[in-house]
Amino acid sequence: MLKSDFDSSPTVAMPQRAHRWDIFCAVVDNYGDAGVSWRLARQLASEHGLEVRLFVDALPALARIAPAIQPTREEQIAHGVRVCRWEGPHGALAGIDPADTVIEAFGCGLPRPYLAAMAARYPQPVWINLEYLSAEAWIAGCHGLPSRHPTLSLTRHFFFPGFTRSSGGLLRERELLARRDAFRADAATRSAFWRMLGMPAPAQQMLVVSLFCYPNAALPTLLDAWVEGDEPILCIVPEGVATSALDSWTGGVVPHPGQRLTRGRLTIAGLAFLEQDDFDRLLWCCDVNFVRGEDSFVRAQWAGRAFVWQPYPQAEDAHRLKLDAFLDRYAVGLGSDAAAALRAMWAAWNDQADAGSAWRAFAGARSRLAPHTGAWAARLAAMPDLAANLVKFCSDRV
Ligand code: TRH
């Protein structure tokens, strides 16, 4: 197997006796919980040859980003993963033989009968709580820590995704950056992709933006700035994103998938939700990506272009700590003007303030932000990926 310059993840084989993995995912809302769990499950099966069973309580959310999944089926095999519907942590799930390794995504909790079966099993499964991604420094000290179950003789380990070698790393499939560059270098493949989207390939001079955000009061200011802007902009909006803001800004003519609306220098194009790998290709085709939450945030970094992140809003602005911690790492090495433009744009977007005024300087810094993000992605790709780290972590504990 040829290893590309980009891919540095050592291949650690799980002992045959520990090749069964269960992943539990309870969808809080949106698509990230399912998105991260599905991406991890596919990678463990395809790159590490593991027998993966993925339990998801809200299959329709998964089916939106994985069309191979039939949302009404209790159990099915897709992309080498056995996908099972569960009732969530308070459901029964009795009579299930726990796997050798059990991943609890985002502290979703495990049903009592399953926990009891884990405790009764010999050898006991390796039990991992896969935490939310953060760039904050404290996670390095918590990554890998064990915690005893209060009543059962079970130990759970906390596994923190992150941007440093002292964290669990980031989800990145093998050859991802090589595939990205091959896609970009091949005009025929790119135009085939635009045809698949049902869109004409954007004109050379057009600035192409993808908009995947939470409801954001700053959006109208940005759209106004784009209408009056210096260059033509194509803004691609996945279905159901920012609908109410777009509805009021467009006067009730939100462009649905396959539709477009042009105002001044701005064209808004509606797009149906894409399968995860096609969503990557969309990000690879855009000059600026507005992303949110966790998984699209990481994919925008692998895309290696300018991006604007809106973390999932949390109480007491806890998400601002995450945002600032990330900017403090990511902006290193960026010239002071570009760094100032970047910080001002992200602040305006997350303060839901006047993002339109911040846009001009941000767009002006794009020629520095894109190569900077490319270099950032290459540096991150020099570290082992999350799935490889997880397999190593678990193989050391069986
Ligand atoms: O959907 P999100 O807002 O999910 C969030 C976050 O995970 C957050 O951490 C969590 O607390 C919250 O849910 C409950 O954003 P995220 O994480 O970017 O996940 C979106 C997923 O949807 C990602 O896997 C990419 C995928 N996607 C597609 O596959 N196709 C598409 O067309 C689009 C727009 C998204």
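Residue positions are given per chain, counting from 1 as you read along its sequence in written order. For a predicted model such as this one, the threshold for reporting local features is a pLDDT of at least 70, and the threshold for listing and counting side-chain atom pairs is 80 or more; totals across whole chains, interfaces and linings nevertheless cover every residue. With hydrogens and water stripped out, all remaining heavy atoms of the structure feed into the side-chain values.

Helix and strand assignments follow DSSP, with helices taken as H or I runs no shorter than four residues and strands as E runs no shorter than two, numbered in order from the N terminus. Here S296 is to be found in helix α10 (residues 295-303). Partly exposed residues are those whose accessible area sits between 20% and 50% of the maximum for their type, while under 20% is buried and over 50% is exposed, using a 1.4 Å probe and protein chains only. Take S296: its relative accessible area is 6%, and that puts it in the buried class.

Let's shift gears to the site of the ligand. Definition of nearness: a residue and a molecule or strand are near each other if at least one heavy atom of the residue lies within 4 Å of the molecule or strand. Looking at the ligand, there are 23 residues lining it, with Y214, L274, R292, D295 and S296 nearest. D295 places a polar side-chain atom, nitrogen or oxygen, 2.6 Å from an oxygen atom of the ligand. Contacts described as polar in this section are N or O atom pairs within 3.5 Å, which, within protein, must combine one atom able to donate a hydrogen with one able to accept it, while residues neighboring in sequence count only if both atoms come from side chains. Between S296 and the ligand, the recorded distance is 2.6 Å, taken from a side-chain N or O atom to an oxygen atom. Areas reported here follow the Shrake-Rupley algorithm with a probe of radius 1.4 Å; residue values treat only the protein chains shown as occluding. Notes on the ligand: free accessible area 700 Å², of which the protein chains cover 97%. Judged by the proximity of its atoms to the pocket grid, the ligand belongs to the largest pocket. Of all the secondary structure elements, the ones that give two or more residues to the shell around the ligand are α1 (32-48), α9 (276-285) and α10. Ranked by residue count, the leading element in the shell around the ligand is α1, at 3 residues. The classification used treats Ala, Val, Leu, Ile, Met, Phe, Trp, Tyr, Cys and Pro as nonpolar, Asp, Glu, Lys and Arg as charged, and all other residues, Gly among them, as polar. Here the shell around the ligand is built from residues that sort into 11 nonpolar, 6 polar and 6 charged. Here a cavity is any set of points on a 1 Å grid over the protein atoms alone where a 1.4 Å probe fits but cannot get out, and a pocket is any open set with protein on both sides within 12 Å along at least 5 of 7 lines; a residue lines the site when it has an atom within 4 Å of a point. Assignment to a cavity or pocket requires that more than half of a molecule's atoms be within 2 Å of the site's grid points.

Moving on, we get to unusual backbone geometry. Following Y122, the chain continues to P123 via a peptide bond in cis, the omega torsion being -10°. By the element assignment, P123 lies in the loop between α3 (112-120) and β6 (126-130). Although it is not a glycine, E316 sits at a positive phi angle of roughly 50°. Mapped onto the secondary structure, E316 falls in the loop between β14 (306-310) and α11 (318-330). By relative accessible area, E316 is classed as exposed at 80%. In this structure, Q352 takes a positive phi of about 55° despite not being glycine. Residue Q352 is classed as partly exposed on the basis of its relative accessible area of 31%.

Here the focus is the layout of surface pockets. Grid points are joined across faces, edges and corners, and a volume is the space filled by probe spheres set on the points. Its volume calculated, the largest pocket comes out at about 640 Å³. Sorting the residues of the lining of the largest pocket by element identifies α1, α9, α10 and α11 as the ones contributing at least two each. When its residues are assigned to classes, the lining of the largest pocket shows 22 nonpolar, 8 polar and 9 charged. Roughly 390 Å³ of internal volume is contained in the second largest pocket. Forming the boundary of the second largest pocket are 15 residues, of which R190, W194, P202, Q204 and C285 lie nearest the centre. Listed by contribution, the elements that provide at least two residues to the lining of the second largest pocket are α6 (187-197) and α9. Residues belonging to the lining of the second largest pocket are distributed by class as follows: 9 nonpolar, 2 polar and 4 charged.

Strand order across the open sheet formed by 6 strands is β11-β12-β10-β9-β13-β14, with mixed pairing between neighbours. In this open sheet, the two edge strands, each paired with only one partner strand, are β11 (260-263) and β14. Strand after strand, the sheet turns through a mean of 15° between neighbouring axes, direction not considered. One ladder, built from 5 bridges, connects strand β13 (residues 288-292) with β14; its direction is parallel. Residue pairing in the sheet places V288 in a bridge with A306 of β14. Should any heavy atoms of two residues lie within 4.5 Å, those residues are counted as being in contact. Geometry is summarised by axes, namely lines fitted to C-alpha atoms with helices restricted to the contacting stretch, and by angles between N-to-C directions that run from 0 to 180 degrees. Against the sheet, helix α7 (residues 219-228) engages β9 (207-211), β10 (233-238), β11, β12 (266-271) and β13, with an angle of about 125° to β12. Most of the contacts of helix α12 (residues 336-350) go to β14, to which it runs at about 35°, and overall it touches β9, β13 and β14. By this definition, two strands are paired if DSSP reports at least two bridges between them.

Let us look at the packing of aromatic side chains. By convention, a stacked pair of Phe, Tyr or Trp rings (six-membered ring in the case of Trp) has centres within 6.5 Å and planes under 30 degrees apart, an edge-to-face pair has planes over 60 apart, and any other such pair is tilted. Across all of its chains, the model carries 34 aromatic pairs by this definition. With a centroid separation of 5.6 Å and 80° between ring planes, the pair formed by F159 and F393 is classed as edge-to-face. With a gap of 234 residues between them, F159 in strand β8 (residues 155-159) and F393 in helix α15 (residues 386-395) connect regions that are remote in the sequence. When sorted by exposure, F159 lands in the same class as F393, which is buried. Plain terms: the ring middles of F297 and W309 are 3.7 Å apart, the flat faces sit at 5° to each other, and that makes the pair stacked.

Bringing the pattern of salt bridges into the picture now. Salt bridge criterion: a side-chain nitrogen from Lys or Arg within 4 Å of a carboxyl oxygen from Asp or Glu. Applying the stated criterion to the full structure yields 23 salt bridges. For D280, the salt bridge identified is with R39, shortest N-O distance 4.0 Å. One end of the pair, D280, is in helix α9; the other, R39, is in helix α1, with 241 residues separating them in the sequence. Accessibility expressed as a relative area gives 1% for R39, which makes it buried.

This brings us to the environment of A387. Tracing the sequence through the fold places A387 in helix α15. Residue class for A387 comes out buried when judged on its relative accessible area of 0%. Remark: the alpha-carbon pair of A387 and L327, spanning 60 residues in sequence, is separated by 25 Å.

Here we come to the sheet that holds β6. Taken in spatial order, the 8 strands line up as β3-β4-β2-β1-β5-β6-β8-β7 in an open sheet, and their pairing is mixed. Edge positions in the sheet fall to β3 (75-78) and β7 (146-148), since each of these pairs with one other strand and no more. Each adjacent strand pair in this sheet contributes to an overall mean axis angle of 25°, direction not counted. Pairing between strand β1 (residues 20-25) and strand β2 (residues 51-56): 6 bridges, direction parallel. Bridging from a neighbouring strand, D22 pairs with R53 of β2. Where α1 meets the sheet, it contacts β1, β2, β3, β4 (81-85), β5 (101-105) and β6, and its direction lies at approximately 170° from that of β1.

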